[in-house]
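Coordinate inspection notes
Single-letter residue listing:
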Amino acid sequence: MALFDALWTDTSKRSVFMARGTPQRSKPMSRMERDSRSSSRGSNHTRQSSAGPPEPLLNGDSQVSEDSILSRRKVSLMPLVTEEDLRDTDLGRKDPEGIAQVFGDDVASRFRYPSTPTSLMSPPPYDTKEKMLRRKISPIGPPPLAFETRDDSLPRGVPTVKVRVRKENHSEASTSNAFEDVSVALSPVLTSKYSFSMANHGKNFSFGHKTFSNTFELDYESFAAEIAASNPDMVHFQQVLNQWIKGQSKAQGTAFILLSSEWVSCFCQVAGDKLLKDPIVCGDSSLLYSLISNAQVASDDGTQSNTGSTDGATPPIVIDTESLSPLLRAKLRVIATELGADISPDVTLPPCSLVLIQARSDFKTALFIVHRSKVSTANELACVMPHVQMIGTLMSIVANIEEQKRLARQSQIFLSMTQNVFSSLQDMNLLVRNITKEAKALVQAEICSLFLLDKEHSELVAEVFEKNGTTDEYLTEIRMPLTQGIVGHVATTGEMMNVKDVYNHPFFYPKVDERTGFVTRNILCFPIKDSSGNLVGVAELCNKIGKPAFTPHDEQIATTFAVYCAISISHCLLYRKLQEAHRRSHMAAELLVQGSTLSIAPEDILRLTVRDIPDPTSFHPDFTKFCFVPRSVGTGDTFVEASLSMFKDLGFIEKYRLRRRTLARFLLMVQKGYRDVPYHNWSHAFAVGHFCYLLLRMPDVKNALTDLERFSLLVACLCHDIDHRGTTNAFQLQSKTPLAQLYSSEGSVLERHHFAQTVTILGMDECNIFEQLTRQQYQQVLDNIREIILATDIAAHLRKVDRIKHMAETGFNRNNQEHHYLMMCLLMTASDLSDQSKDFKNSKGIAENIYKEFFSQGDLEKQMGNRPIEMMDRERACVPKIQLEFMDTVALPVFRHLSVLLPDLSETYDSLEMNRTCWQTLDSVLQEQGLPSGGLDYLKDLNLEKTVLDRVGEKLKEKLNEAALSKRAICAANSTDLGSPTIPSS
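Predicted, not measured: the structure shown is a model, and the values here were computed from it.

The next point concerns the overall build of the protein chain. Tallying secondary structure elements over the protein chain gives 34 helices and 16 strands in all. Scored against the burial criterion, the 986 residues of the protein chain give a buried share of 51%. The contacts of the protein chain with a sequence gap of at least 6 include a subset with a gap of at least 24, amounting to 71%. Surface exposure of the protein chain reaches about 45,700 Å², of which carbon and sulfur atoms provide 51%.

Right, let's talk about the UniProt feature "binding site: AMP" (unreviewed entry) in the protein chain for a bit. UniProt feature "binding site: AMP" (unreviewed entry): in the numbering of this structure it lies at H680, N681, W682, S683, H684, D721, D832 and Q883. Structurally, H684 can be placed in helix α21 (residues 682–696). Structurally, the position occupied by Q883 is in helix α32 (residues 879–901). Taking the relative accessible area as the measure of exposure, Q883 reaches 0% and is therefore buried.

Applying the stated criterion across every chain, the model contains 32 salt bridges. Its salt-bridge partner being D604, residue R607 comes within 3.1 Å of it at the nearest N-O pair. With a gap of three residues between them, R607 and D604 both fall in helix α17 (residues 602–610), about one helical turn apart. As far as burial versus exposure is concerned, R607 and D604 are alike and both buried. Measuring nitrogen to oxygen at the nearest pair gives 3.8 Å for the salt bridge that ties E848 to K852. With E848 and K852 both in helix α31 (residues 840–863) and four residues apart, this pair spans about one turn of that helix. For E848, a relative accessible area of 5% corresponds to the buried category. Since its relative accessible area comes to 33%, K852 is described here as partly exposed.

The next subject is a negative patch on the surface. A cluster of acidic side chains, namely D700, D904, E907, D910 and E913, defines a negative patch on the protein surface. A per-element tally of the negative patch places helix α33 (residues 906–929) first, with three residues. Mapped onto the elements of the fold, D700 is located in helix α22 (residues 699–704). The class of D700 is partly exposed, set by a relative accessible area of 33%.

Scanning the model with the defined rule gives zero disulfides in all. C525 forms no disulfide, and the closest cysteine sulfur to it belongs to C542, at a distance of 8.4 Å.

This next bit is on unusual backbone geometry. The phi dihedral of Q444 falls on the positive side, at around 60°, and the residue is not glycine. Mapped onto the elements, Q444 comes out in the loop between α13 (428–443) and β11 (445–454). Given the relative accessible area of 40%, Q444 is considered partly exposed. A positive phi angle is found at D723, which is not glycine, with a value near 60°. With a relative accessible area of 0%, D723 lands in the buried category.

Here the focus is the pairing of strand β9 (residues 352–358). In terms of residue burial, β9 counts as a mostly covered element, since seven of its seven residues are buried. Of the two faces of β9, both are covered, the one formed by C352, L354, L356 and Q358 as well as the one formed by S353, V355 and I357. Looking at chain direction, strand β8 (residues 317–319) and β9 are connected through three bridges and run antiparallel. By the bridge assignment, I319 is partnered in β9 with L354. By the bridge criterion, seven bridges tie β9 to strand β10 (residues 364–370) in an arrangement that is antiparallel. Note on β10: the bridge partner recorded for Q358 is K364.

One pair of aromatic rings is described through two measures. These are the centre distance and the angle between the planes. Using the criterion set out here, one finds 18 aromatic pairs in the structure. Ring geometry for F652 and Y656: centres 6.4 Å apart, planes at 45°, overall tilted. Judged by relative accessible area, which is 1%, F652 ranks as buried. When the ring centre of Y656 is taken as origin, the NZ or CZ atom of K655, which lies over that ring, is 5.8 Å away.

What the six strands build is an open sheet, ordered β7-β6-β5-β10-β9-β8; its pairing is antiparallel. Strands with a single pairing partner mark the edges of an open sheet, and in this sheet they are β7 (274–284) and β8. Neighbouring strand axes in the sheet, compared pairwise and without regard to direction, differ in orientation by 25° on average. Packing against the sheet, helix α11 (residues 326–338) makes contact with β5 (253–260), β6 (265–271), β7 and β10, and its axis sits at approximately 170° to β7.

Before going further, it helps to spend a moment on the side chain of S632. Checked against the element boundaries, S632 lands in the loop between α17 and α18 (636–649). Polar side-chain contacts of S632 include one of 2.7 Å to the backbone oxygen of V629.

Right, let's talk about the environment of H690 for a bit. Tracing the sequence through the fold places H690 in helix α21. Considered as a pair, H690 and M646 are 44 residues apart in the sequence and their alpha carbons are 7.9 Å apart. Setting aside its immediate chain neighbours within four residues, H690 contacts F623, K625, F628, P630 and M646.

In terms of nonpolar packing, the biggest core is built from 116 residues, with F647, F770 and Y851 touching the most fellow members. Among the elements that take part in this core, α32 stands out by supplying twelve residues, more than any other. Two domains each donate at least three residues to this core, and these are domain 3 (599–623 + 630–792) and domain 4 (793–965). Contacts of Y851, omitting those with residues within four sequence positions, involve M871, V879, I882, Q883 and L936. With 30 residues, the next largest nonpolar core counts I292, A295, C352 and A366 among its residues.

Here we come to the environment of G953. Along the chain, G953 turns up in helix α34 (residues 942–977). With 35 residues separating them along the chain, G953 and C918 place their C-alpha atoms 9.7 Å apart.

Moving on, we come to the pairing of strand β16 (residues 535–544). Counting buried residues in β16 gives ten out of ten residues, a clear majority hidden from the surface. Two strands pair when backbone bridges link them, and β11 and β16 are joined in this way by seven bridges, in the antiparallel orientation. Looking across to β16, one finds that I447 is bridged to C542. Note: strand β15 (residues 523–529) against β16, seven bridges, orientation antiparallel. Among the inter-strand pairings, C525 is bridged to a residue of β16, identified as E540. Hairpin connection from β15 to β16: five residues lie between these consecutive antiparallel strands, with G533 at a positive phi of about 85°.

Counting all residues, the mean pLDDT for the protein chain is 77, and 74% of those residues have values of 70 or more. Low pLDDT, under 50, characterises residues 1–74; the predicted model gives this stretch 203 contacts beyond four residues in sequence or across chains. The low-confidence segment residues 112–144, where pLDDT is below 50, has 58 contacts with residues more than four positions distant or belonging to other chains.

Turning to a nonpolar patch on the surface, a few remarks are in order. On the surface, W244, M390, L394, I397 and I401 cluster together into a nonpolar patch covering about 420 Å² of accessible area. Broken down by element, the nonpolar patch gets its largest block of residues, four residues, from helix α12 (residues 377–422). Structurally, the position occupied by W244 is in helix α9 (residues 232–249).

Another aspect to go through is the packing of helix α30 (residues 817–832) against α32. Look at α30 against α32: their axes get within 10 Å of each other, and the N-to-C directions meet at 125°. For the element pair α30 / α32, the angle class is oblique. With respect to the hand of their crossing, α30 and α32 are arranged in left-handed fashion. Across the interface between the two elements, M823, L826, L827, T829 and A830 from α30 touch V894, F895, H897, L898 and L901 from α32. Broken down by class, the residue content of the contact of α30 with α32 amounts to eight nonpolar, two polar and no charged.

What counts, and where the lines are drawn
For every chain, the first residue of the written sequence is number 1, and numbering continues from 1 along that sequence. The model is predicted, so local features are restricted to residues of pLDDT at least 70 and side-chain atom pairs to those at 80 or more, both for listing and for counting; the totals for chains, interfaces and linings are taken over all residues. The side-chain quantities take in all heavy atoms of the structure and omit both hydrogens and water. Secondary structure elements follow DSSP: runs of H or I of four or more residues count as helices, runs of E of two or more count as strands, with numbering from the N terminus. Partly exposed residues are those whose accessible area sits between 20% and 50% of the maximum for their type, while under 20% is buried and over 50% is exposed, using a 1.4 Å probe and protein chains only. Between two residues, a contact is recorded if the distance between any of their heavy atoms is within 4.5 Å. Note on areas: these come from Shrake-Rupley sampling with a 1.4 Å probe, and a residue is covered only by the protein chains present in the view. UniProt positions are given in the numbering used here, feature names are shortened, and annotations may be inferred rather than shown by experiment. Whenever Lys or Arg places a side-chain nitrogen within 4 Å of a carboxyl oxygen from Asp or Glu, that contact is recorded as a salt bridge. Each patch is built from salt-bridge-free residues with over 30% relative accessible area, joining like charges within 9 Å and nonpolar side chains (Val, Leu, Ile, Met, Phe, Trp, Tyr) within 5 Å. Neither His nor the chain ends is counted toward charge; the positive residues are Lys and Arg and the negative residues Asp and Glu. Every charge is mapped onto a representative atom, which is NZ of Lys, CZ of Arg, CG of Asp or CD of Glu. Throughout, a disulfide means two cysteine sulfur atoms within 2.5 Å of one another. Here the rule is simple: two strands pair whenever DSSP picks up at least two bridges between them. Within 6.5 Å between ring centres, the rings of Phe, Tyr and Trp (the latter by its six-membered ring) count as paired, and their orientation is classed by plane angle as stacked under 30 degrees, edge-to-face over 60, tilted in between. Ring-over charges, as used throughout, are those where CZ of Arg or NZ of Lys falls within 6 Å of the ring centre and within 35 degrees of the ring normal. Think of each axis as a best-fit line through the C-alpha atoms, taken over the contacting stretch in the case of a helix, with angles from 0 to 180 degrees between the N-to-C directions. For this analysis, a polar contact is any N or O atom pair within 3.5 Å, provided that within protein one partner can donate a hydrogen and the other can accept it, and provided that sequence-adjacent residues contribute only side-chain to side-chain pairs. Nonpolar core, defined: a set of buried Ala, Val, Leu, Ile, Met, Phe, Trp, Tyr and Cys residues in which side-chain atoms within 4.5 Å join the residues together. Residue ranges assigned to the domains are those given by an automatic or database domain assignment. Note on scores: pLDDT gives the predictor's confidence for each residue, bounded by 0 and 100. An angle counts as roughly parallel when it lies under 35 degrees, as roughly antiparallel when it exceeds 145, as roughly perpendicular when it falls between 65 and 115, and as oblique in every other case. Less than a right angle of anticlockwise turn of the near helix away from the far helix marks a crossing as left-handed, whereas a clockwise turn marks it as right-handed. By the convention adopted, Pro, Cys, Tyr, Trp, Phe, Met, Ile, Leu, Val and Ala count as nonpolar, Lys, Arg, Asp and Glu as charged, and the other residues, Gly among them, as polar.

Laid out in C-alpha cells, this is it:
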C-alpha cells in the first residue's frame, strides 16, 4: 500500500493505448481543405503523422471486422463545409457568423438570416470556499530577507527573541521534530536610564548628570603585543641593528621606539637583542610627531644643537631627556632596565640619549641609547650619529616591506572572504551565515550577529545559527527595536561603537544575556550601508578572543568588511528580485493554456457547428458497449466529433441550451490543451470521457445523480488531465517546479493545475459552455468539476476508500450529499482506470505507453543526479509485477465497489479480473523462459502474447469444466436426497 501511495501519487492514468495511424480521406482535398486541415493539425499536438498505412488496433471483443473499422475511420462524419453545401442545403442559416469568417461577407450576404442572438452574460468569476480563481497568489520562493515574518501576537516596541525548546512529548533531541520555536517578548528597558536621543549624532552624549565620550582609552600594550607577533622580520632586524650599533659605539645598549599608525601608539618591542615579553608603550601616535615638531622649532631658535649631516634629508635630532615628560621618562627607565643599566632608586634615568629619526618616506622612529657613563656619552654619540640617517633609511625600508606584507595578508583574507560571501548570493540565509563566520575569523570574536533592517516594523532582526550552552533551549532569532540597545544606537546614528565594558555602558541591553546565560564582555558594532548610504543592517561582534577589548585595528578591518557586506547583501537582494521576476515570467508561461497562442481554424468550428451531429453508433456499432475500445474510432478530430455526439445523446445540449459554436470551440480548445506525451494526452481524455458517457447512460446512475452532476462529470472527464507534463506530483515537488511552488501547500499539484486550466478555457472567448446556467448552477457545476478532477489523484482516492466501501455496503442514499460526492468521485476514478477493463491486448498496449512516460521521467531524474523509484527505472521495472500490485491495490477494489452499486457492471469487473490473470501468467512465463523483465520489448512480442492467451484460455476451460462437474454433483446429490432418479448427463 505504501508503495503505490508513493508511486501513483499523481492521477492514476493506467489505461491508455494510443491509436496508431491517421484517417485518410477517400477523395482529394481542396486547397481550402488542405490549408484548414494543416492549420488544425498544427494546433493539435496529439495528431500523428499520416505517413504509412494505419495499424489496426487489437480488440478481441469487437464483433465488427478490422477492415470495417478502418473503412469507417477514413472518412470524417462531419466533413468541412463547401460552397456547394451552402447552395444545396440550409447550412448557411445555422451559423452565419461562421460562414462569414470562412467564406467572407460576400458569400454570407447571399443568405437571409436573422441577426445573431446576443448570448447572455456569463456569471461572475468562480468563487468557492477556496477562491481558486480570485485568491491572491503569494510571492513565490522564500522572502527576500533572511528573517521570517514577525509574530503579530507579540507587543510592538519591545525586544523579542525566538527560542527553540524541546517539545513536552519528545525526549530525543536528535529527532528533527523534537523542538519547536517559541517567540518571547522581553521586558523593555527604562527610558530614563537607557534610551538615547536619535538626534544625538556627535561624539559625546549625555547620560543623567554625566557626559560620556565615544572615544575610549586604548590598551596600547596589548596592541603592541600583537604587532610584535605579526612582524617577526622587523623584530629580527631590530635585534641585528641594535647589536651592530652597540659594537660600533661601545654603548650599554640601544632600543628603537616605533610608531604604529595602525595601533595609534608608540612602543618598544626589542631591547638590545632581546624581544620583550610585554612591549613597552610609550604613548600615543602623536608622541614622536610632537617631539620632532618641538625639536625643529627649538633648532630654528638656535637653542638646540644637531649633530651629523645629511644630504638634503631631515637631520637626526638629539633630545635632552631631562626635558621629557615624567610619564615618558618612566617608560624610558623601564627600557633602560631591560638593556641592563644599573639604576639607583634616586635616579630617574641613567646616562642616555634619545635620537629622533625621520626618513624621506615620512618614516619616524626614535633611537634610545643607554651610555656606559656620562663621560663616554659624547664619544658614543659621535660614533652613532654619522650612521643615523642610514639606519633610518633601512628601518623605513623594512617597515615598508612589513606594511606591504600586512596589506597582502589582509587582501588575501578579504579576497577569500569575498569568495565565500559572494558564492552564496542565491541564498540569503547562507549569505548571512558566511558573513558572520568570516567576521568572527577576521577580528577573532566569539560571537557575531548580523541584524537586518525590518523597515515595516522598525526593528533589527538577527537569525542566530549557533547553539550556546548544553541546555535544550537555545536562541534562534533576536528582534531589537531601533530605539533599544547598542545595535539600535548604531543603526540610528550610523556610527561604529567599540565598547570595552558593556555592563557599564548605558546603551547595552542585558536582557538577552539574562535569557540565554551568555556573558557579553565587549562589543564592536558597526553599520552596514549600501552605495546610497541607506542602512541595510548592523553587525555586532561580541567578546574579543585573547584580548580585553577590540582594537583600533579591528575597527579598521570592520570598516572595510562593512563595505563588502553591503555589496554582497545588496547584490543578493538584487539577485532575488531578478530571480523573482524570472520566476513570475516562468509561472505565467506555465499557467498559459497549452496551445492557447495558436488559433483554431474557422473551418473546423464551422463544420462542427452547422453539420448534423452523428449518432454514437455511427462511429461504431459497439460504441455504446462497455467492451468497446473508443480509440478505434479514429484520432483527435474524430474524438471531438464523438464528444459532440455524447453531449447530444445524453441530452445536455438541449437541456442546458448549449450553443453549438461555443461547445465546438470549447472542445477544440480542450483538445489543444493536451500535450504530446505518450499517455496523458487527448486520446486518454476521450477514452475516459467515453467510459463516463456509458456510465451516465445507465438508469441506476440517472436515478442516483442529478442532471447537473452528470453534466459536470462528463466535462470533468474530458478536462481532467489538461496540460499534463508526463510527470508525477512527486517529481513536480522534487524538482520545485513553478506548479509545485504554486500548489504544493494544498496538495494534488497537477490536479489543481488541470482544474485551473479548465477554468481558464471557460473564460476564453466563446468557450464558456456554462453561460446559460444560473449563478447558482454555475458555481455548483464548477464546484463539482473541481472535486471530480481532484479525485483523480490516487493518493486522495485512497484516503476515502473506506467511506466508499461503507457506501457500497450500506447502499446509495440519494438524500445523502456525502454519497453524491463519493459516487461522482468513484465514477471518475473508474473512468480513469477504464482501459484496465478492456481486452488484454489493449491493456498491454496501454501499459506500454504508460511506462514509456514513466521511464522518460526516470531518465530525467537520473540526469538530475537522483535515483528514480523502481517503476520509473527502465532497468529495474518489471511491468507485470507492478501492474498486479496496482490492480490489487487500486483498480480491482474500485470496480468491485462500483459493481456492487451498479450490478450491470459485473461483466466489466470480470473482465478486469481476467486481465489480472493475464498479467500474472505473463509474469510466470517471463520467469519460466528466463526472459528479462526490464524494459518494454517483451510487451511487443506477439509469440509471447499468444502463449499467455493460450494458457489463460486453458485455465478458463479447466475452471468451466470444474464448475460444470460441481454443478452436476450438486444436482445428483439433491436428486438422491429427494428419492428421484439420477438425471442423465446430456
